[in-house]
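# Chain and residue survey
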Amino acid sequence: MILKRNIFQRLLGICATKKPADEGCWTFEAGTVTVDLARAPELAQPDGALRLEGKNLPARILVVKGDGDTWHAFKNRCAHAGRRLDPVPGTGQVQCCSVGKSTYDADGNILSGSARKGIVAFPITEKEGRLKIGV
Ligand code: FES
């Protein structure tokens, strides 16, 4: 599948992934982000994603639901020039929203595009309906 973004979205660097409709679905404390999945329906399906920003986070975070029980969390800052990222449906990859289209694998390694290095992938686990992300 392809991440559909038009040239204007690319030029302006407008990412496809939204912030949570319910900002109360996540907290940040002592270096750990906790996401209550019951309050984050955006993450219910594979390739579902959210961007978490603010609340004194040291970095923007992109959370992506993978296949089955897999989860991914990335520092949401392209290694080329810092734009935000979006999941590429059906691939397990994430891609910069800008024209350079830097694309990274599920571990944050660079695959293609303008960037010359990878991005940070944060450790993420799920237990009893909650995600824990170490940042
Ligand atoms: S900022 Fe991501 S490719 Fe340029």
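Before reading further, recall that the structure is shown in the block above.
Residues numbered from 1 in each chain as written. Predicted model: local features only at pLDDT ≥ 70, side-chain atom pairs only at ≥ 80, totals over all residues. Heavy atoms only, no water.

### Side note on the sheet that holds strand β3 (residues 49–52)
Selection criterion: At least two bridges found by DSSP between two strands are what make those strands a pair. Working definition: helices are DSSP H or I runs of at least four residues, strands are E runs of at least two. Numbering for both runs from the N terminus.
Spatially, four strands are ordered β3-β4-β5-β10 in an open sheet, and the strand pairing comes out antiparallel. Two strands close off the open sheet at either side, each with one partner strand: β3 and β10 (121–122).

### Comments concerning the environment of E128
Note the following rule: Exposure is judged per residue with a 1.4 Å probe applied to protein chains only, and the accessible area is read against the type maximum: over 50% gives exposed, under 20% gives buried, and values in between give partly exposed.
Within the secondary structure layout, E128 lies in the loop between β11 (124–127) and β12 (130–134). With relative accessibility at 75%, the residue E128 sits in the exposed group. Spatially, the C-alpha atoms of E128 and D36 are 9.3 Å apart, while their sequence positions differ by 92 residues.

### Notes on the side chain of D36
Put simply, the rule reads: Under the rule applied, a polar contact is a pair of N or O atoms within 3.5 Å (in protein, one hydrogen donor and one hydrogen acceptor; residues adjacent in sequence only if both atoms are side-chain atoms). The contact rule is simple, with two residues in contact once any of their heavy atoms fall within 4.5 Å.
For D36, the location among the structural elements is in strand β2 (residues 32–36). One polar contact links the side chain of D36 to the main-chain amide nitrogen of A38, over a distance of 3.1 Å. Setting aside anything within four residues of it in sequence, one finds D36 in contact with C25, G129 and R130.

### Regarding the pattern of salt bridges
For side chains bearing opposite charge, pairing can occur when the charged atoms are close. Defined as follows: Salt bridge, as used here, is a side-chain nitrogen of Lys or Arg placed within 4 Å of a carboxyl oxygen of Asp or Glu.
Throughout the structure, instances matching the rule amount to four salt bridges. Among the salt bridges present, the one from R39 reaches D22, with a minimum N-O distance of 2.8 Å. In this pair, R39 sits in the loop between β2 and β3 while D22 sits in the loop between α1 (7–12) and β1 (26–29), placing the two residues 17 residues apart along the sequence. With relative accessibility at 25%, the residue D22 sits in the partly exposed group. Each of R51, E53 and R84 takes part in one network of salt bridges that share partners.

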